[in-house]
Amino acid sequence: MLQYSSMPIDKTIETQLRAIVGDNYVLSSRVDLSVYECDAETLDIASPDLVVLPSSTAEVAAILTLAYEHKIPVSPRGAGTGLSGGATTVLGGISLVLTRMNKILSVDPIDRVAVVQTGVTNVSVSEAAQKYSLYFAPDPSSQSASTIGGNIAENSGGPHTLKYGMTTNHVMGLKVVLATGEIVALGGRTRTKEGLDLLGVFVGSEGTLGIATEAVLKLIPRPQAVETMLAYFNTVEQAGQAVSDVIAAGVVPAAMELIDQLTLNAVEDSLRMGLNRDAGALLIVELDGPRTGITIQRKKVEEHISTNNALSVEWANDAYERAKIWKARKSAFGALGRIAPHGYVLDGVIPRSKLAAAISEIAVIGQKYNLTIANVYHAGDGNLHPCMLYHKDNEDEVKRVVQAGKEILELCVRLGGTLSGEHGIGIEKILEMPSVFSEDDLESMRWVKQAFDPENICNPGKVIPAPKSCGESGGRPLLRHKLLASGC
Ligand SMILES: Cc1cc2nc3c(=O)[nH]c(=O)nc-3n(C[C@H](O)[C@H](O)[C@H](O)COP(=O)(O)OP(=O)(O)OC[C@H]3O[C@@H](n4cnc5c(N)ncnc54)[C@H](O)[C@@H]3O)c2cc1C
């Protein structure tokens, strides 16, 4: 693998980049670069040498050709809402920001596909398909800001992943610029089965295999009926048990989302929508599909919610009330900013049956490290988002956050789960990869990376830990990694 020197990018190369994208779209001042030094995982910071904002696949290809020739690392970046440091330029080089490539190229209601540039926001795709009563199903809570390219790279999920699957289930084709600058097509407008599934390999590869510039996305019809319920419980454990019971009863809700008391109070402080502040947990259940099926499912849900001692149950009467319930859920992380300026959001997954156990053990870890932990869960998927609230200038608190984060991930693995449900590995969880993968597994991943990107140009330093013998050097020092290495 390539050894990086962390040398600043030569002025003549900068001039060539300016010629490719235009003077205004290469940023090099310290102030401009500081905007791109991290994503929404703010513990780890590393400035790029240059930020380059292309407007077309041809420009991306020209940039990669130049970078490949001069062995400059290129880290693709969408909106920077990632929560695992995926777009952070740990080895410097170019931060390749795709947000100018935000065109919806076509929406085809007959084939039910949209063709888009990958810098477009997730929500814009569904907005464009709305007139045909179609939509793009993956709905990360960041959907009004996050880009399709970021969603593809992280294989993002969202509240409705429970029924509709992850981004990978909704991407049919991609135009990708490889590290050499070569442009390739993966998949297409129809389901293809021939050969190796390289599209499947690319989705979720976190920018390490190339740059996706265009995507063919599957659109699905809006359901005939939707019913959304909000229930309160005294404890998150009771709510967690209700989730397990509903699914065990054979109901497949479109979404089951859970937030704890701290989070619901932060949301109430921010939105003043009349949430029950005294409840220990708030559970949202959404059912969708044909009207007749929903009536039967609704009865089953109510039965299991009441067996688990729900304090109250309310069903949205119309689209306005449904939107209000979802606003509460989708505002959760933003609202937590009222409690502390920084939040470190984890993304561990556990088997759904272990939800109640995980919830209790996370509370114990919070007490052990004297930390405030707010909890938001994609409960139906067993995907936990404990959010540790802290002040970055409090060094001792930062150390406790890092150590507690490590213990929570270890807990998820111990309970039979894994490190990430949807936020990816990035740099955040790279040190933990050996806890779920053997050295042989990791070596197989390195071979895949090598096949796509032999010179390690695309998003180096992410996802796959370098073998110990490699001695990869030149990386920017990362706070979280330094603290873990020193045992805090
Ligand atoms: C408040 C909040 C709520 C969130 N809710 C959810 C949620 O419900 N579900 C969920 O899954 N995530 C969620 N996230 C995480 C994040 O929004 C997603 O990971 C999202 O897909 C990132 O998109 P982005 O455009 O911001 O990508 P970035 O953060 O800019 O980049 C993410 C990764 O994608 C790579 N990348 C970006 N564009 C390309 C491209 N065109 N080609 C190749 N690689 C590329 C980057 O190198 C990086 O590795 C949330 C984040 C926040 C801040």
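Residues numbered from 1 in each chain as written. Predicted model: local features only at pLDDT ≥ 70, side-chain atom pairs only at ≥ 80, totals over all residues. Heavy atoms only, no water.

Re a nonpolar patch on the surface
Then, in step 1: A surface patch of nonpolar side chains, about 350 Å² in accessible area, is lined by Leu-196, Leu-198, Val-201 and Val-448.
Then, in step 2: Following the sequence through the fold, Val-201 ends up in helix 7 (residues 198–202). (Patch = residues over 30% accessible without salt bridge, like charges linked within 9 Å, V, L, I, M, F, W, Y side chains within 5 Å. Areas by Shrake-Rupley, 256 points an atom, 1.4 Å probe, with all protein chains shown as cover. Salt bridge = Lys/Arg side-chain N within 4 Å of Asp/Glu carboxyl O. Helix = DSSP H or I, 4+ residues; strand = E, 2+ residues; numbered from the N terminus.)

What to know about the packing of aromatic side chains
Each aromatic ring pair is summarised here by two numbers: the centre-to-centre distance and the angle between the ring planes.
Then, in step 1: For the structure shown, the criterion picks out 0 aromatic pairs.
Then, in step 2: In this structure, Lys-71 packs its charged tip against the face of Tyr-68, placed 4.6 Å from the ring centre.
Then, in step 3: Sitting above the plane of the Trp-326 ring, Lys-330 keeps its charged end 6.0 Å from the centroid. (Phe/Tyr/Trp six-rings, centres within 6.5 Å; stacked < 30°, edge-to-face > 60°. Lys NZ or Arg CZ within 6 Å of the ring centre and 35° of its normal.)

Quick notes on unusual backbone geometry
Across residues other than glycine, the phi torsion is negative in most instances, and most of the peptide bonds are trans.
Then, in step 1: A positive phi angle, near 50°, is found at Arg-272, a position not held by glycine.
Then, in step 2: Taking relative accessible area as the criterion, Arg-272 reaches 59% and is therefore assigned exposed.
Then, in step 3: Non-glycine residue Asn-456 carries a positive phi angle of around 55°. (Buried < 20%, exposed > 50% of the residue type's maximum accessible area, 1.4 Å probe, protein only.)

A look at the site of the ligand
Then, in step 1: Around the ligand sit 36 residues, and of these Pro-76, Gly-78, Thr-81, Ser-142 and Thr-147 come closest.
Then, in step 2: For the ligand, an oxygen atom lies 2.7 Å from a polar atom in the backbone of Gly-78.
Then, in step 3: The contact in question runs from an oxygen atom of the ligand to an N or O atom on the side chain of Asn-151, over 2.8 Å.
Then, in step 4: Across the complex, the protein chains shield 94% of the 980 Å² of accessible surface that the ligand would expose by itself.
Then, in step 5: For the shell around the ligand, the secondary structure elements donating two or more residues are strand 3 (74–77), helix 5 (148–154) and strand 10 (211–218). (Near = heavy atom within 4 Å. Polar contact = N/O pair within 3.5 Å; in protein donor to acceptor, adjacent residues only side chain to side chain.)

So, helix 9 (residues 261–271)
Then, in step 1: Thr-263, Leu-264, Asn-265, Ala-266, Val-267 and Glu-268 are the residues of helix 9 that are buried.
Then, in step 2: Contact partners of the buried residues in helix 9: strand 13 (255–260), strand 14 (281–289), helix 11 (319–330), helix 12 (332–336) and strand 17 (372–378).
Then, in step 3: Phi turns positive one or two residues past the end of helix 9, at Arg-272, with a value near 50°. (Contact = heavy atoms within 4.5 Å.)

What to know about the packing of helix 1 (residues 11–21) against helix 3 (residues 57–70)
Helix-helix packing is characterised by the crossing angle of the two axes and by the distance between the axes.
Then, in step 1: In the contact formed by helix 1 and helix 3, the axes pass within 9 Å of each other and the chain directions differ by 165°. Judged on the interaxial angle alone, helix 3 and helix 1 are roughly antiparallel. Of the two elements, helix 1 crosses helix 3, and the hand of that crossing is right-handed. Every residue of helix 3 that contacts helix 1 at Ile-13, Gln-16, Leu-17, Ile-20 and Val-21 is listed here: Glu-59, Ala-62, Ile-63, Leu-66 and His-70. (Axes fitted to C-alpha atoms, helices over the stretch in contact; angles between N-to-C directions. Parallel < 35°, antiparallel > 145°, perpendicular 65-115°, else oblique. Left-handed = near helix turned anticlockwise from the far one by under 90°.)

A short note on the domain arrangement of the protein chain
Accessible area lost upon the coming together of the parts is a frequently used measure of interface size.
Then, in step 1: The assigned domain composition of the protein chain is domain 1 (104–221), domain 2 (224–334) and domain 3 (340–434).
Then, in step 2: Across the boundary between the two partners, domain 1 contributes 9 residues, which contact 12 residues of domain 2.
Then, in step 3: Between domain 1 and domain 2, a total of about 880 Å² is buried, with carbon and sulfur atoms accounting for 51% of that surface.
Then, in step 4: Of all residues in domain 1, Pro-159, Leu-162 and Lys-163 give up the largest surface area on contact with domain 2, accounting jointly for 56% of the area buried on that side.
Then, in step 5: The interface formed by domain 1 and domain 2 contains 2 salt bridges.
Then, in step 6: Lys-163 serves as the salt-bridge partner of Asp-288, at 2.6 Å between the closest nitrogen and oxygen.
Then, in step 7: Across the domain 1-domain 2 interface, the total number found is 5 residue pairs in polar contact (both at pLDDT 80 or more).
Then, in step 8: Partitioned by chemical class, the residues of the side of domain 1 that touches domain 2 number 4 nonpolar, 3 polar and 2 charged. (Domains from an automatic or database assignment. Buried area = accessible area lost by both parts, 1.4 Å probe. Nonpolar A, V, L, I, M, F, W, Y, C, P; charged D, E, K, R; others polar.)

Let's talk about the packing of helix 8 (residues 236–248) against helix 10 (residues 291–307)
Then, in step 1: At a minimum axis distance of 9 Å, the contact between helix 8 and helix 10 shows a crossing angle of 145°. The two elements helix 8 and helix 10 meet at a crossing, and its hand is right-handed. Packed against helix 8, whose contacting residues are Ala-242, Asp-245 and Val-246, the element helix 10 presents Val-301, His-304 and Ile-305 at the interface.
Then, in step 2: Partitioning the contact of helix 8 with helix 10 into residue classes produces 4 nonpolar, 1 polar and 1 charged.

Overview of the sheet that holds strand 10
Then, in step 1: The 5 strands lie next to each other as 5-6-10-8-9, forming an open sheet whose pairing is antiparallel. The sheet terminates laterally at strand 5 (104–108) and strand 9 (183–187), the two strands that pair on one side only. Sheet twist, expressed as the average angle between the axes of neighbouring strands with direction ignored, equals 10°.
Then, in step 2: Where strand 8 (residues 171–177) meets strand 10, 6 bridges bridge the pair, whose relative direction is antiparallel. Across the sheet, Val-176 pairs through a bridge with Ala-212, a residue of strand 10.
Then, in step 3: Where helix 4 (residues 122–129) meets the sheet, it contacts strand 5, strand 6 (113–117) and strand 10, and its direction lies at approximately 40° from that of strand 5. (Pairing = 2+ DSSP bridges.)

Some thoughts on the nonpolar core
Then, in step 1: Judged by nonpolar contacts, the single largest core of 57 residues is most densely connected at Phe-233, Val-301, Ile-305, Leu-384 and Met-388.
Then, in step 2: Per element, the largest residue contribution to this core is 8 residues, and it comes from helix 14 (residues 395–414).
Then, in step 3: Among the domains, domain 2 (224–334) and domain 3 (340–434) are the pair contributing at least three residues each to this core.
Then, in step 4: In this structure, Val-301 is in contact with Met-229, Val-246, Val-251, Val-285 and Leu-287, ignoring residues within four places of it in sequence.
Then, in step 5: If you look at the next biggest cluster of nonpolar residues, it comprises 26 residues, including Ile-325, Ala-374, Val-376 and Leu-389. (Core = buried A, V, L, I, M, F, W, Y, C linked by side-chain atoms within 4.5 Å.)

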